[in-house]
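Observations on the three-dimensional arrangement
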Amino acid sequence: MRVLLVGAGGVGTAITRIAARRPFFEAMVVADYDLGRAEAAVAALHGDARFRAERVDASDEAAVTALLERHTCDVLLNATDPRFVMPLFQAARTTGATYVDMAMSLSHPHPERPYEECGVKLGDGQFEQAADWEKAGKLALVGMGVEPGLSDVFARYAADELFDEIEELGVRDGANLTVDGYDFAPSFSIWTTIEECLNPPVVYEEGRGWFTTEPFSEPEVFDFPEGIGPVECVNVEHEEVLLMPRWVDARRVTFKYGLGEEFISTLKTLHLLGLDRTEPVTVPSAGGPVRVSPRDVVAACLPDPATLGERMHGKTCAGTWVRGVKDGAPREVYLYHVVDNQWSMKEYGSQAVVWQTAVNPVVALELLSAGAWSGAGVLGPEAFPARPFLDLLTEYGSPWGMREQ
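Residues numbered from 1 in each chain as written. Predicted model: local features only at pLDDT ≥ 70, side-chain atom pairs only at ≥ 80, totals over all residues. Heavy atoms only, no water.

Right, let's get into the pattern of salt bridges. A complete count under the given rule lists 30 salt bridges for this structure. In this structure, the salt-bridge partner of E366 is R22, at a minimum N-O distance of 3.0 Å. Residue E366 is located in helix α13 (residues 352–370), and its partner R22 is located in the loop between α1 (10–19) and β2 (27–32); the two are separated by 344 residues in the primary sequence. Looking at E366, the relative accessible area reads 12%, which means it is buried. When its relative accessible area of 14% is taken as the criterion, R22 is described as buried. The closest approach of N and O atoms between R295 and E195, which form a salt bridge, is 2.9 Å. (Salt bridge = Lys/Arg side-chain N within 4 Å of Asp/Glu carboxyl O. Helix = DSSP H or I, 4+ residues; strand = E, 2+ residues; numbered from the N terminus. Buried < 20%, exposed > 50% of the residue type's maximum accessible area, 1.4 Å probe, protein only.)

Let us now look at the packing of aromatic side chains. Applying the stated rule across the entire model yields 19 aromatic pairs. Residues F184 and F263 carry aromatic rings whose centres are separated by 5.1 Å and whose planes lie at 40° to one another, so their mutual orientation is tilted. Of this pair, F184 sits in the loop between β8 (178–179) and α8 (190–198) while F263 sits in helix α10 (residues 261–272), placing them 79 residues apart in sequence. By way of ring pairs, the aromatic residues F222, F224, Y334 and Y336 are connected into one cluster. Directly above the ring of F127 sits R246, whose terminal nitrogen or CZ lies 3.7 Å from the centroid. Note that R295 overlies the ring of W191, its terminal NZ or CZ placed 4.4 Å from the centroid. (Phe/Tyr/Trp six-rings, centres within 6.5 Å; stacked < 30°, edge-to-face > 60°. Lys NZ or Arg CZ within 6 Å of the ring centre and 35° of its normal.)

As a further point, take helix α14 (residues 386–395). Given 3.6 residues to a turn, an α-helix orients residues that are three or four positions apart in the same direction. Among the residues making up α14, those that are buried are A386, F389, L390, L392 and L393. When α14 is viewed along its axis, its buried side chains cluster within an angular range of 165° and face the same direction. Considering only its buried residues, α14 is in contact with α7 (150–162), β18 (329–340) and α13. (Arc of directions from axis to C-beta. Contact = heavy atoms within 4.5 Å.)

It is worth spelling out the packing of α7 against α14 at this point. Relative to each other, α7 and α14 sit at 125°, their axes nearing to 9 Å. Our classification of the angle between α7 and α14 gives oblique. Read as a crossing pair, α7 and α14 show a hand that is left-handed. Of the residues in α14, those touching α7 at L150, V153, F154, R156, Y157 and E161 are A386, R387, F389, L390 and L393. Split by residue class, the contact of α7 with α14 holds eight nonpolar, no polar and three charged. (Axes fitted to C-alpha atoms, helices over the stretch in contact; angles between N-to-C directions. Parallel < 35°, antiparallel > 145°, perpendicular 65-115°, else oblique. Left-handed = near helix turned anticlockwise from the far one by under 90°. Nonpolar A, V, L, I, M, F, W, Y, C, P; charged D, E, K, R; others polar.)

Rendered as structure tokens:
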């Protein structure tokens, strides 16, 4: 397996550190718009000859295609933000490479009824091409991070091994992370955080299909394991709700994120001021008027999440709560994965949230390399057997857990 990894930010760098400990691939080309960032990721691997750095603009489909061909890569792993999904997805299709991402193509709210009906849903741009991928016998594995990703694997596992009928699949994400010296320092890309938190959340119900609600709707307090404790969670737009119903029978699917009152208030203020917008605005500068995206300015003013590990304390938890019936009796479980920042920093030099995201696509690549996972078309993690993934994740030194509710 020869992998082109596009994106050498926090998650991309963590991917290289995890993959470097595994023998399943022949080469990994680490490419980024900032060549220095790609070179730094490779340099940290102490001379592992399987890795090399390149510069590429992820928005330039032709350049990505040329890079895939030059290095004869048979896999493209996308570790960029969702703006670049489609050109990378198309480049992989052009060259016949397997495509893997951790976030899907962007959504666009319904123009008249944004808080009732879906417009363009997450992943629609990719699923529109599913037949072409399947006809070509090629695989696009979409949403293969932690959420989406591992949370979807949990849904498959629950359906196959734990339940006869599933009433609800509810992804619940929470943490007790703090960052020394910062009152507001998101542990993941603020660009992506704004996108998923301020867009209309999507809910799935059997018989009704997908529909939307107001941002931050249906608040609930969820008690997270391993000392994290109760966290208020709210509906947020996320890929799992668009993926799970395609392969897993469930009467309802939701995604709720533990944001906290202060975080929600900050996001609402950004929205009120128009600072969540991606469309450029004209601002004065010493060199004359320049066009900048307000959201990019917000991101530039905040610390890079990848650099916060030394200041961060606590744990992050990703998981899937499942309610249904087994052997005629009601059952509820929470399948979860917890990462302690102190552990991930000591073991890999990566903060907990980016490490937890990064480990899952590496596990998936190893399963694809071994033939334990295989398929054609545009497929989510639910389309594959869960047990091999969960066993290999444990082998990586990061076990998952299950709690009866």
